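# Structural overview for review
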Amino acid sequence: MKSRTKARGVALQVLYEFDLTNHPIGDILESRLIDEELEDSLGQFSRQIVTGVIPIIPKLDEVISEHAPEWPMDQVAVIDRNILRIALWEFGVEKCTPLKVAINEAIELAKVYGSDSSPRFVNGVLGSLVDHVTEIQNYFPDAR
């Protein structure tokens, strides 16, 4: 697994646990970073994802639901919805990752952490957002 993909995987694990348990995010993050022993820059990338996604989960879910209404977020598997949140945050909010790269990385996470149908599902949902990237980025004006 590529380094940044591994860092995304750590962030995904943190968001997954937070979504299920609502444990303190700092505790979850520090525990995962200790277990994974990432390089400092990769640990910082994981931390950046987590601290970027957590405060805007309702807005991320709203954007996903608006552009992919056939997939209600409360019915989406926990792992899949967090993969979607990470990808949307990367290309739509933080604008730190090109769209195609964010989608490919999300599919890779879905292959590793999701169910057999997760990669296809994640690709489908993110594909429905492709034509709305500018609109989505404008929805989050406070980011970069």
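Residues numbered from 1 in each chain as written. Predicted model: local features only at pLDDT ≥ 70, side-chain atom pairs only at ≥ 80, totals over all residues. Heavy atoms only, no water.

## Topic: the environment of Glu-135
Defined as follows: Runs of E in the DSSP output that reach at least two residues are strands. Runs of H or I that reach at least four are helices, and both are numbered from the N terminus. Residue burial is assigned from relative accessible area. The probe radius is 1.4 Å, only protein chains are included, and a residue is buried under 20% of its type maximum, exposed over 50%, and partly exposed in between. Residues are treated as being in contact if the distance between any of their heavy atoms lies within 4.5 Å.
Secondary-structure assignment places Glu-135 in helix 8 (residues 133-139). On the basis of relative accessible area, Glu-135 is assigned to the partly exposed category, the value being 40%. Spatially, the C-alpha atom of Glu-135 lies 29 Å from that of Lys-111, the residues being 24 residues apart in sequence. Each residue touching Glu-135, except ones within four places of it in the same chain, is listed here: Glu-66 and His-67.

## A look at the pattern of salt bridges
Put simply, the rule is: Between Lys or Arg on one side and Asp or Glu on the other, a salt bridge is scored when a side-chain nitrogen of the former is within 4 Å of a carboxyl oxygen of the latter.
Under the counting rule described, the total for this entry stands at eleven salt bridges. Ionic pairing is found between Arg-47 and Glu-30, a salt bridge with its closest N-O pair at 2.7 Å. A residue pair is termed long-range when its members are at least 10 positions apart, and Arg-47 in helix 3 (residues 40-53) and Glu-30 in helix 2 (residues 25-36) qualify at 17 residues. With a relative accessible area of 36%, Glu-30 lands in the partly exposed category.

## Points about the environment of Asn-22
Among the structural elements, Asn-22 can be located in the loop between helix 1 (3-21) and helix 2. Taking C-alpha positions, Asn-22 is 31 Å from His-132, a pair spaced 110 residues apart along the chain.

## Concerning the nonpolar core
What counts here: The criterion is simple. A nonpolar core is a set of buried Ala, Val, Leu, Ile, Met, Phe, Trp, Tyr and Cys residues joined through side-chain atoms within 4.5 Å.
Counting residues in hydrophobic clusters, the biggest one holds 47 residues, and the most contacted among them are Ile-83, Leu-88, Val-122 and Leu-126. Residue assignment for this core shows that the elements contributing at least two residues are helix 1, helix 2, helix 3, helix 4 (57-67), helix 5 (78-93), helix 6 (99-113), helix 7 (118-129) and helix 8. With nine residues, helix 5 is the largest single contributor of residues to this core. With residues up to four places along the chain from it excluded, the contact list for Leu-126 reads Leu-84, Ala-87, Phe-91, Ile-103 and Ala-106.

## Here's the deal with unusual backbone geometry
Here Asn-22, not a glycine, exhibits a phi torsion of approximately 60°, which is positive. Although it is not a glycine, Lys-95 sits at a positive phi angle of roughly 55°. Following the sequence through the fold, Lys-95 ends up in the loop between helix 5 and helix 6.

## Overview of the packing of helix 3 against helix 5
The condition that has to hold: As a rule, the C-alpha atoms of each element are fitted with a line to give its axis, helices using only the stretch in contact, and angles between N-to-C directions run from 0 to 180 degrees. We call two directions roughly parallel when the angle between them is under 35 degrees, roughly antiparallel when it is over 145, roughly perpendicular when it lies between 65 and 115, and oblique otherwise. Gly counts as polar in this scheme, as do all residues outside two lists: the nonpolar Ala, Val, Leu, Ile, Met, Phe, Trp, Tyr, Cys and Pro, and the charged Asp, Glu, Lys and Arg.
In the contact formed by helix 3 and helix 5, the axes pass within 10 Å of each other and the chain directions differ by 95°. Classified by the angle their axes make, helix 3 and helix 5 are roughly perpendicular. On helix 5, the residues touching Phe-45, Gln-48, Ile-49, Gly-52 and Val-53 of helix 3 are Arg-85, Ile-86, Trp-89 and Glu-90. Of the residues in the contact of helix 3 with helix 5, the class split is five nonpolar, two polar and two charged.

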